Amino acid sequence: MERSLVSMVCAIAVTQAHAADLLKIENAGSPNGKYVLEAVATSDDTCRVELKSEADGNIAKRIPVKDFDTHDRRYSISAVWKEDSSAFALNISKGRSITYCRLFVEHHGSWNEASLPEKQIKKLRKEADKEGGKALDYLSVSAWLPKEEIKFSYSGNNTVEYEFIGRMMHGHQARVDFVKIVAPKVEPEPKYNYENYVFTVLAGGTVGSKDDAGTAAQFKWPHGLSIDTGANVFVADRGNHVVRKISHDAVVSTLAGSPGQFGDADGTGSAARFRYPIATAADASGNVYVADSSNNLIRKITPGGVVSTLAGAPGISGYADGNGNAAQFNNPTGVAVDKNGNVFVADSVNKVIRKITKDREVTTFAGSGGGAGTNDGDTKSARFAFPSDVALDREGSLYVTDNSAIRKIDTHGMVSTLAGSPDETGSTDGTGAAARFSHPISLAVSPAGNVYVADVERKNIRKITPAGVVKTIRNSTGPDPFVKPVSVAVEVSVAVDDKEQIYVADEDGFSILIGKPAN
């Protein structure tokens, strides 16, 4: 989010607290120190933002936020304060498809919500949703400008980001008047180096939780794919709060958890509980490790379906090394396991990579807790911006999706940027730093050393060869780069087998795809 001389951006991370209904808010104080924003979960699908006085705790404004899943970490709120603390905007994200904003301004000691220029916003929506497919709607405030002006950004499914300027009109009925549209930046045409694949649906295609074969099975927001030595595919079925298994002949079963029932209980099979699991990793013995993100836990599932908590404190987000339940994570989103049984975790909000030994000892493997950055170096001096997934190659090197770059931690403990740029986004293919990624969210490494990346914002699957050459996977039976006959709405996870076959979790298509190299 943009930061100008006359604005302050405050991130509000919404995290469910089990013991109380208070939701964690980070950096929510006003620039003058007079106010602080707090969020409270009032139900599973509603929260309330409270504007409080720092001096005495009195509530100056209560702001209800409806249709907000307080358990799902894809739902978040950020605040953009005016520098003099007389106004603020709330940017409210609901999953990956919708962001909207609300503005509040102080008037004679009272805080009032300002109306938006809906007529002009409606025109932008029409212009920005011409691609067809899934409707996307991202409207946010990016900065407060001089002369009571406000910069908004808007994007739909055509991937073009529009900006417009509004002006705050004060009074009891505060409103934002439209001023002008800022012409979209013209980006150079990406250069693609295509590699052809043929994609089909392996399993799923409709929303639900039904176990069955192939397209008769159902998923709800599938994530976190991994493959074991028996060619079974494991799925973190996020919306159902379960872990699923797809056999080599495409039969889908529920390995652990109970559809629609969330929690943190250990147990066998359907007696266990998860809360929005997001990633899986399978070891050579058939155990499956799960990043149970909304519980801030790393779980282990034996081949017999027995679920235990490997590390983390149930329902507690934090940053602490230690053994088992003494350790703390903050939104772990990626997990990998090496041949010695060590588990590596992308601890996203803490901006570090963690390591869990077989005896449950948790240490910080790379990065510094809370210390965001992009610098390479040894594991202690290197920094990460937002590590979202991890994967291992045969030699034991670890690969990390980090903002708009792919990082590598080699077996000597050195962190480098393998491909992309931490500061620039895009979709251009190229070698190493010449390539661009937009929002790489998941990755997998084949036995041959090829790295496959799900670049979710551009709806692309990318391939990085051992020489660092980045290519775009193209469905050879449809238009560029990766659409028909299998339409991928949101590809959030990728896995690869020893035949270089690619498995893709399509979150909003409720399906698992398989891509085979075209002859």
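The structure reproduced in this document is the subject of the present report. (Residues numbered from 1 in each chain as written. Predicted model: local features only at pLDDT ≥ 70, side-chain atom pairs only at ≥ 80, totals over all residues. Heavy atoms only, no water.)

1. Side note on the overall build of the protein chain
A count of helical and extended segments in the protein chain gives 1 helix and 41 strands. Counting only contacts in the protein chain whose residues sit at least 6 apart along the sequence, the fraction spanning at least 24 positions is 46%. As displayed, the protein chain offers around 21,000 Å² of accessible surface, 49% of which is attributable to carbon and sulfur atoms. (Helix = DSSP H or I, 4+ residues; strand = E, 2+ residues; numbered from the N terminus. Contact = heavy atoms within 4.5 Å. Areas by Shrake-Rupley, 256 points an atom, 1.4 Å probe, with all protein chains shown as cover.)

2. Some words on the sheet that holds strand 26 (residues 343–347)
Across the sheet, 5 strands lie side by side as 24-28-27-26-25; this open sheet has antiparallel pairing. Whereas interior strands pair on both sides, the edge strands pair on one side only; in this sheet they are strand 24 (322–323) and strand 25 (332–337). As defined by bridge partners, strand 27 (residues 352–356) adjoins strand 28 (residues 361–366) across 4 bridges and the pair is classed as antiparallel. Across the sheet, the residue bridging to Arg354 is Thr364, located in strand 28. (Pairing = 2+ DSSP bridges.)

3. Some points on the nonpolar core
A general tendency of soluble globular proteins is for nonpolar side chains to be buried together. Within the largest apolar cluster, 31 residues are counted, with the highest numbers of intra-cluster contacts made by Leu225, Ile246 and Ile512. Residue assignment for this core shows that the elements contributing at least two residues are strand 14 (194–204), strand 16 (233–237), strand 35 (440–445), strand 36 (451–455), strand 39 (491–496), strand 40 (502–506) and strand 41 (511–517). Not counting chain neighbours up to four residues away, the residues in contact with Ile512 comprise Val201, Leu202, Ala203, Phe219, Pro222, Leu225, Val235, Ile246, Val504 and Ala505. Among the nonpolar cores identified, the runner-up in size contains 22 residues, and Val105, Ile150, Phe152 and Phe164 belong to it. (Core = buried A, V, L, I, M, F, W, Y, C linked by side-chain atoms within 4.5 Å. Buried < 20%, exposed > 50% of the residue type's maximum accessible area, 1.4 Å probe, protein only.)

4. Considerations on the sheet that holds strand 15 (residues 222–227)
The antiparallel open sheet is built from 4 strands, whose spatial order is 15-16-17-18. Strands with a single pairing partner mark the edges of an open sheet, and in this sheet they are strand 15 and strand 18 (252–256). Taken over all neighbouring pairs, the strand axes of this sheet differ in orientation by 30 degrees on average, direction set aside. Here strand 17 (residues 242–246) pairs with strand 18 via 4 bridges, running antiparallel. Note that in strand 18 the partner of Arg244 across the bridge is Thr254. (Axes fitted to C-alpha atoms, helices over the stretch in contact; angles between N-to-C directions.)

5. Considerations on helix 1 (residues 118–128)
What helix 1 keeps buried is the set Ile121, Leu124 and Ala128. The buried residues of helix 1 occupy an angular sector of 55 degrees when projected down its axis, which confines them to one face. In helix 1, the exposed residues that point more than 90 degrees away from the buried face are Lys119, Lys122, Lys123 and Lys126. Contacts from the buried residues of helix 1 go to strand 10 (137–144), strand 11 (149–155), strand 12 (161–169) and strand 13 (175–182). (Arc of directions from axis to C-beta.)

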